Amino acid sequence: MPEKPGLTSSELGTLWLTYQQKTMILRMLEYFIEKADDEKAKNIMVDLYDEIDPYVEKITVIFQNEGAAIPVGFTSEDVNKGVPKLYDNGFDIMFIRLIKEISMALHTLNITMASREDIIMIFKDLTAITQKYYNACTQYLIEKGMHARPPYVSMPKKVEFISDTSYLRGGLNPLTRKRTMNTVEVANMFHAIETNITGFQMITGFAQCANSPEVKKYFTKGGEIAKSTIKELNEVFLEDGIQTPAVSGGNPTRSTVAPFSDKLMMYCTSLFCSFAIGGNSLGTAFSLRNDLSVKAGVFIKDIFEYAHEGAKIMIRNGWMEELPPMEEREKLI
């Protein structure tokens, strides 16, 4: 038996995706660090960069030892630190916080698909780093007054059990009364609004500076989808008399010069789409009010179609790296 087993297909695939994601984050951090005008925000991003960077090298070494090709990912060609600021101060930490949310989900899932101890330790370490900087970003935004907290609620004095199936109704029939959302439903909806606000700011900046007219049009469409989603979810909150999220700062500037390549911005948008589909799926799974599940289902469909359109653009432009395929047995035979 070899001292260390070879990489499984799952381990190869998850490491490949992690390499692409981390090289993207490093390139974006390089720009945000260069443009930071708040010392505390800059320190958070510099420390994060220093902790992530060695793991790109660790993954590279694993691939080399296994005789596997190294993904291209994102390089110095995908970032231009010398251009004007694309976003107001505050967006950098809002964006990094959201990226850390995505990373937490990915690393936790990746651990469950690994069996080799060194691979498990990589994802375990990355999970710890991600949690650390998610908290640092959150506390920074609270300190600066740029973090919207979910609404408060009166504490329950006793436990109640659902006694009527009308609890599942959500107003699909305009003649029936729908119940007020429960706290878990509010949590998922609030999170969806919050992430769409940051996504809207991000993609608006991308639309301003994209070089390709096709990509610019695609980002503009994405901004409209995010805006529509925010509007619909805010209306649900207002119907129940619940305060809607409001985030200050982090808006795009007037700059139209791209700090990132179209390839990087398209990949970043694709990553956000995958996260949004997963988030809406989770919201659907934990919502018992049928109108909320229907809304989430529509959002998933719209985002999936938008992501599919983006994939076609990336393929046409040669920007989408193919994941390592399994052997095609019929061809080999």
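These remarks concern the structure in this document. Remember, predicted model here, so these are calculated numbers, not experimental data.

Cut-off values and rules
Residues numbered from 1 in each chain as written. Predicted model: local features only at pLDDT ≥ 70, side-chain atom pairs only at ≥ 80, totals over all residues. Heavy atoms only, no water. Phe/Tyr/Trp six-rings, centres within 6.5 Å; stacked < 30°, edge-to-face > 60°. Helix = DSSP H or I, 4+ residues; strand = E, 2+ residues; numbered from the N terminus. Buried < 20%, exposed > 50% of the residue type's maximum accessible area, 1.4 Å probe, protein only. Lys NZ or Arg CZ within 6 Å of the ring centre and 35° of its normal. Patch = residues over 30% accessible without salt bridge, like charges linked within 9 Å, V, L, I, M, F, W, Y side chains within 5 Å. Areas by Shrake-Rupley, 256 points an atom, 1.4 Å probe, with all protein chains shown as cover. Salt bridge = Lys/Arg side-chain N within 4 Å of Asp/Glu carboxyl O.

## A word on the packing of aromatic side chains
Phase 1: Tallied over the entire structure, the rule returns 13 aromatic pairs.
Phase 2: With a centroid separation of 5.8 Å and 10° between ring planes, the pair formed by F95 and F272 is classed as stacked. Note that F95 is positioned in helix α3 (residues 91–111) and F272 in helix α7 (residues 262–285), a separation of 177 residues in sequence.
Phase 3: F95 gets classed as buried once you look at its relative accessible area, which sits at 2%.
Phase 4: The buried category is assigned to F272, whose relative accessible area is 11%.
Phase 5: Across the ring face of Y167, the terminal group of R179 is positioned such that the distance to the ring centre comes to 3.7 Å.

## Focus on a nonpolar patch on the surface
Phase 1: A grouping of I162, L168 and L288 is seen on the molecular surface, where their side chains present a nonpolar patch of about 270 Å² in accessible area.
Phase 2: Turning to its location among the elements, I162 is positioned in the loop between α4 (117–143) and α5 (183–209).

## What about the pattern of salt bridges?
Between side chains of opposite charge, pairing is possible as soon as their charged atoms come close.
Phase 1: Here the structure, examined in full by the defined rule, presents 19 salt bridges.
Phase 2: In this structure, E143 and K40 form a salt bridge, with 2.6 Å as the shortest nitrogen-oxygen distance. With E143 in helix α4 and K40 in helix α2 (residues 39–66), this residue pair connects regions lying 103 residues apart in the sequence.
Phase 3: Across the pair E194 and R97 runs a salt bridge, and its minimum N-O distance is 3.3 Å. Within this pair, whereas E194 is found in helix α5, its partner R97 is found in helix α3, the two being separated by 97 residues in sequence. R97 matches E194 in its accessibility class, with the two residues each being buried.
Phase 4: Taken together, the salt bridges that share partners define one network made up of E66, R116 and D118.

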